[in-house]
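Below, each chain spelled out in residue letters.
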Amino acid sequence: MHTVWKGAISFGLVHVPVKMFSATEDKDISLRYIHRECGSPLSYVRKCPVCDKEVAWEEIGKGYEYEKGKFVVFDKEELDQLTEESSKSITILDFVDLTEIDPIYFQKTYYLSPDQAGAGAYRLLMEAMRQTGKIGIAKISIRSKSSLAAIRVLEECLAIETIFYPDEVRPASQVPNLPEAGIVNDRELDMAKLLISQLSTPFEPAKYTDDYRQRMLDLISHKVSGEEFHIAPARQESNVIDLMAALQASIEAVQHVPSDPGPSKAAGKPKTKPQTAAAGAKKTSKAKGPAAEPAAQGNTATGPIPVIAPKPKRRTAKSKETSS
């Protein structure tokens, strides 16, 4: 792992030398902008609109726009002085319960390992936090960015999670179109609680996968090998109007369906051979023609019927105007 930060944890008069490592990694597939005409990747040019020339990195500074078109400019030394004192220390301010922190505050997780001769103090802090069940709230400065942080025990390691300051979290009251407080239908509430109970399970992170990333990797692989790759359009879900019916259908879908034990011996052999769903559908289609096809497609008694996704029809500008 690459060392992200190096310093010490301090609580009271105790100092624990530590190194910091990123606990997560971004696996998003990065796509670049390409010039379609020649296939070359595009580059970003740092150009001054006034001087009309490209600017080198050593000529670039940082500034704050306090009024439209007016900036105060800072030197690198001035910015470094702001973080010099706090950049090498993780100062624990308080110890709290993890359950008191809402997940909205969490940003990014890092691992902490003991540095130099700090293994003893590291183990002491970790064991004390484990036995008290507390986590530490600290201040840390990473890459010139000051953050609050939560230090907690994760297996046999100390982890630190940067968290937002309170004024960086927008209040939920600013969210538009929130429903007003009202009375909930008791039957619908019971059905919803039953559905939640049916879907409740222990959290197993390994069973959740990034389907979009896998489809993107498949698409890249097929394109590299020169194969055609098409994805059938997803079936559009209809708007649910009857809430009770939707809840009931959801509960029935997650409940265990017993296997078919087969025909009972006491029933005896049927006098006539029963007509299968497929045969019935075929006979109906012969009798009524193409009009009977939707009924045959809707019959699922014999198992799933393969659905061929139709090609989306292109709408002309004239048809759009007519439909609107």
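Reading guide: rules and limits
Residues numbered from 1 in each chain as written. Predicted model: local features only at pLDDT ≥ 70, side-chain atom pairs only at ≥ 80, totals over all residues. Heavy atoms only, no water. Helix = DSSP H or I, 4+ residues; strand = E, 2+ residues; numbered from the N terminus. Contact = heavy atoms within 4.5 Å. Areas by Shrake-Rupley, 256 points an atom, 1.4 Å probe, with all protein chains shown as cover. Salt bridge = Lys/Arg side-chain N within 4 Å of Asp/Glu carboxyl O. Buried < 20%, exposed > 50% of the residue type's maximum accessible area, 1.4 Å probe, protein only. Patch = residues over 30% accessible without salt bridge, like charges linked within 9 Å, V, L, I, M, F, W, Y side chains within 5 Å. Lys, Arg positive; Asp, Glu negative; His and termini not counted. Charge placed at Lys NZ, Arg CZ, Asp CG, Glu CD. pLDDT = per-residue confidence, 0-100. Pairing = 2+ DSSP bridges. Axes fitted to C-alpha atoms, helices over the stretch in contact; angles between N-to-C directions. Expected span 1.5 Å × (residues − 1). Polar contact = N/O pair within 3.5 Å; in protein donor to acceptor, adjacent residues only side chain to side chain. 1 Å grid on protein atoms, 1.4 Å probe; cavity = no way out; pocket = protein on both sides within 12 Å on 5 of 7 lines; lining within 4 Å. Points joined across faces, edges and corners; volume = space filled by probe spheres on them. Nonpolar A, V, L, I, M, F, W, Y, C, P; charged D, E, K, R; others polar.

Asks: What is the right way to look at the overall build of the protein chain in this model?
Replies: When helices and strands are counted, the protein chain shows eight helices and 11 strands. Sequence separation of at least 24 residues holds for 59% of the intrachain contacts in the protein chain that already meet a minimum separation of 6. Total accessible area computed for the protein chain in this model is approximately 27,300 Å², and 56% of it derives from carbon and sulfur atoms.

Asks: Even after reading the chapter, I still don't get the pattern of salt bridges, so can you show me in this structure?
Replies: Following the criterion strictly, the structure yields nine salt bridges and no others. Where glutamate 67 meets lysine 70, a salt bridge forms, and the shortest distance between an N and an O atom there is 3.6 Å. Here glutamate 67 falls in the partly exposed class, since its relative accessible area comes to 43%. As a salt-bridge pair, aspartate 97 and lysine 134 come within 3.0 Å of each other at their nearest N and O atoms. With aspartate 97 in the loop between strand E7 (89-96) and strand E8 (106-114) and lysine 134 in the loop between helix H2 (119-132) and strand E9 (135-142), this residue pair connects regions lying 37 residues apart in the sequence. On the accessibility criterion, lysine 134 (31% relative accessible area) is partly exposed. The network of salt bridges with shared partners includes Arg123, Glu127, Arg130 and Glu156.

Asks: Sorry if this is basic, but what is going on with a negative patch on the surface here?
Replies: A cluster of acidic residues, Glu25, Asp26, Asp28, Asp210 and Asp211, forms a negative patch at the surface. Tracing the chain through its elements places glutamate 25 in the loop between strand E2 (14-22) and strand E3 (47-48).

Asks: Quick question: what am I supposed to make of the confidence of the model for the protein chain here?
Replies: Predicted coordinates in regions of low pLDDT should not be interpreted in detail. Per-chain confidence: the protein chain averages 76 in pLDDT, with 73% of residues scoring 70 or above. Within the protein chain, helix H7 (residues 293-298) has the poorest average pLDDT of any element, 41, and strand E11 (residues 157-163) the best, 94. Low pLDDT, under 50, characterises residues 263-324; the stretch is placed with 18 contacts to residues that sit more than four places away or in other chains.

Asks: I tried to follow the sheet that holds strand E1 (residues 3-11) on my own but got confused; where do I start?
Replies: Consider a sheet: its strands pair through backbone hydrogen bonds, and that pairing is either parallel or antiparallel. Strand order in the closed barrel formed by seven strands is E1-E2-E8-E11-E10-E9-E7, and the pairing between neighbours is mixed. Adjacent strand axes in the sheet meet at a mean angle of 40 degrees, parallel and antiparallel pairs treated alike. The sheet contacts of H2 involve E1, E2, E7, E8, E9, strand E10 (145-154) and E11, and relative to E11 the element is tilted by about 70 degrees.

Asks: Got a minute to help me understand a nonpolar patch on the surface in this structure?
Replies: Together, Tyr64, Tyr66, Val72 and Phe74 line one region of the surface with nonpolar side chains, adding up to about 410 Å² of accessible area. Taken together, the elements giving at least two residues each to the nonpolar patch come down to strand E5 (62-67) and strand E6 (70-74). Mapped onto the secondary structure, phenylalanine 74 falls in strand E6. Residue classification places phenylalanine 74 among the partly exposed positions, given a relative accessible area of 35%.

Asks: Help me understand helix H4 (residues 211-224) in this model?
Replies: What sets the pattern is the α-helix's 3.6 residues per turn: residues three or four places apart point alike. Its 14 residues give H4 an end-to-end C-alpha distance of 20 Å, which sits within 8% of 20 Å, the value for a rise of 1.5 Å per residue. Its side-chain oxygen at 3.3 Å from the backbone nitrogen of tyrosine 212, aspartate 210 defines the N-terminal cap of H4. Glycine 226 lies just past H4 and shows a positive phi near 85 degrees.

Asks: Before we go on, may I ask you to explain the environment of phenylalanine 71 in this structure?
Replies: Here phenylalanine 71 is to be found in strand E6. Here phenylalanine 71 falls in the partly exposed class, since its relative accessible area comes to 49%. Beyond its immediate chain neighbours, meaning those up to four positions away, phenylalanine 71 contacts Gly63, Tyr64, Glu65 and Tyr66.

Asks: What am I meant to see in the layout of surface pockets here?
Replies: Over the atoms rolls a probe the size of a water molecule, and in doing so it shows where empty space is left. Each pocket or cavity is described by its volume, and for the largest pocket that value is around 280 Å³. Here the lining of the largest pocket gets five residues from one element, more than from any other, and that element is helix H1 (residues 76-83). Taken together, the residues that form the lining of the largest pocket break down as three nonpolar, three polar and four charged.

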